[in-house]
Amino acid sequence: MTEICCDELGPSRVIHLYSPKERLRAFVVIDNTALGPAVGGVRVSPTVGVEEVARLARAMTLKNAAAGLQHGGAKAGIVADPSDPRKERIFRVFARMIKDLTDYIPGPDMGCDETAMAWIRNETGRSLGLPAELGGLPLDRLGATGFGVAECAEVAAGFARVELKGARVAIAGFGSVGKAAARFLSEKGALLVGASDSRGAVHDPAGIDLAALVEVKRRGGSVADYGKGDRLSRDEIFAVSCDILVPAATPDVIHRGNVGQVQARLILQGANIPCTAEAEKELQTRGTVVVPDFIANAGGVIMAAMEYAGRNEQEAFAAIAQRIRKNTRVVLERAAGAGILPREAADALARERVEKAMSFRDY
């Protein structure tokens, strides 16, 4: 069995779930609840494991703290194929298994959406990222995380000496977060030149028609089927010539084996833990600015917290812009002033807030 590393913050609970009847395996890691009930997405993948879930739960603790939210961090993983025709049954069984974990509030993550959150809410009475018809703020449809990435870019570009208007952008992982990030960055004047998904990639230095690429995906195709530019393998996206790279899918996609190919001057982590620690250090030595995940991609959880607090869509977007822009500036200024990685500066900022909250409780 995988051993989970523990420290002064957590995790407070690691729960393995199994339904013999449904042959369903799942994990929940509640990392820390000092700031309030833990919020974190449900990741659905045939390969998800408890160690990955634990790492993501810690990222949520830091993300919620850095964003100034009254929520702790947690994460769940369901070992299943997101395209399984039994998806509703899987989610309902999972929801029944976590019904008594009242300090964990599920939200959408890779492999699930607002409909899945509605199923969980129906079974447990708690979830975030609900359909608008149920009074929710549907994070994926509204593009909350991608909007936050674009707001982060507007601040971080100056630190990377990149002019956002006309900047060439590559998106590694053209899913819900990647598409939204591309849209909001385009609205700020950036130019999409590369995109990838699980089946391939495309690169066109003259610019990619975003609406056309979204339509290819809507019809069930891969970005590699775009029909213009160069068709690439999925992992070749990291070597594309660009100013801004947005890894927006799975963990550890930038690592020792490919970090030397990365040409971007600014990396905005739209996904959770998309770079290994070793890769982030090498990028720093080369002068590449890397904004860590729990600063750059906090838009989704900020909107989820606004939903939990009963705020409307306009208030949620205003909160995302204000909090992400402020935290991006604070973190990058601290990192530059101390000569440390932005992740180290962000980690210190978040830990200060969590540890202060822990000091007020018999935690």
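Structure: above.
Below you will find a few notes about this structure. Model, not experiment: these values are computed from the prediction.

The next subject is the overall build of the chain. When helices and strands are counted, the chain shows 12 helices and 12 strands. The C-alpha radius of gyration computed for the chain amounts to 19 Å, which stays within 12% of the reference 21 Å derived for 363 residues, consistent with globular compactness. Across its three principal directions, the C-alpha atoms of the chain cover 55 × 50 × 45 Å. The burial tally for the chain puts 59% of its 363 residues in the buried class. Contacts in the chain between residues far apart in sequence, at least 24 positions, make up 64% of those at least 6 positions apart. Of the accessible surface of the chain, which amounts to about 15,200 Å², a share of 48% is contributed by carbon and sulfur atoms. Side-chain charges of the chain comprise 46 positive and 45 negative groups, with the mean position of each set lying 2 Å from the other.

This next bit is on the packing of aromatic side chains. Applying the stated criterion across every chain yields a total of 3 aromatic pairs. Aromatic side chains F91 and W119 sit 6.1 Å apart centroid to centroid with 50° between the ring planes, which places their arrangement in the tilted category. Taken as a pair, F91 in helix α2 (residues 87–97) and W119 in helix α3 (residues 114–124) lie far apart in primary sequence, 28 residues in all. Looking at F91, the relative accessible area reads 1%, which means it is buried. Given the relative accessible area of 17%, W119 is considered buried. Taken together, F147, F184 and F317 form an aromatic cluster joined through their ring pairs. When the ring centre of F184 is taken as reference, the NZ or CZ atom of R183 above it lies at 4.3 Å.

All right, on to the sheet that holds strand β7 (residues 191–197) then. Spatially, 7 strands are ordered β9-β8-β7-β6-β10-β11-β12 in an open sheet, and the strand pairing comes out mixed. Taken across any chain shown, the strands that pair with only one partner, and hence form the sheet edges, are β9 (230–232) and β12 (289–291). Averaged over all adjacent pairs, the angle separating strand axes in this sheet is 15°, with direction ignored. Note that strand β6 (residues 168–172) and β7 share 5 bridges and pair parallel. Looking across to β7, one finds that A170 is bridged to G194. Running over the sheet, helix α6 (residues 176–187) touches β6, β7 and β10 (244–247) and is turned about 170° from β6.

Further remarks concern the pairing of strand β8 (residues 200–203). Burial of β8 is two-sided: the residues G200 and V202 facing one way and the residues A201 and H203 facing the other way are all buried. Note that β7 and β8 share 4 bridges and pair antiparallel. Its bridge partner being in β8, G194 is matched across the sheet by H203. Between the antiparallel neighbours β7 and β8 lie 2 residues.

Let us now look at the side chain of R126. For R126, the location among the structural elements is in the loop between α3 and α4 (139–142). Polar side-chain contacts of R126 include one of 2.9 Å to the backbone oxygen of K99. Setting aside chain neighbours within four positions, we find R126 in contact with I98, K99, L101, T102, Y104, P106, I120 and R121.

Here is what the cut-offs are and how they apply
Residues numbered from 1 in each chain as written. Predicted model: local features only at pLDDT ≥ 70, side-chain atom pairs only at ≥ 80, totals over all residues. Heavy atoms only, no water. Helix = DSSP H or I, 4+ residues; strand = E, 2+ residues; numbered from the N terminus. Rg over C-alpha atoms; globule rule 2.2 N^0.38 Å. Buried < 20%, exposed > 50% of the residue type's maximum accessible area, 1.4 Å probe, protein only. Contact = heavy atoms within 4.5 Å. Areas by Shrake-Rupley, 256 points an atom, 1.4 Å probe, with all protein chains shown as cover. Lys, Arg positive; Asp, Glu negative; His and termini not counted. Charge placed at Lys NZ, Arg CZ, Asp CG, Glu CD. Phe/Tyr/Trp six-rings, centres within 6.5 Å; stacked < 30°, edge-to-face > 60°. Lys NZ or Arg CZ within 6 Å of the ring centre and 35° of its normal. Pairing = 2+ DSSP bridges. Axes fitted to C-alpha atoms, helices over the stretch in contact; angles between N-to-C directions. Polar contact = N/O pair within 3.5 Å; in protein donor to acceptor, adjacent residues only side chain to side chain.

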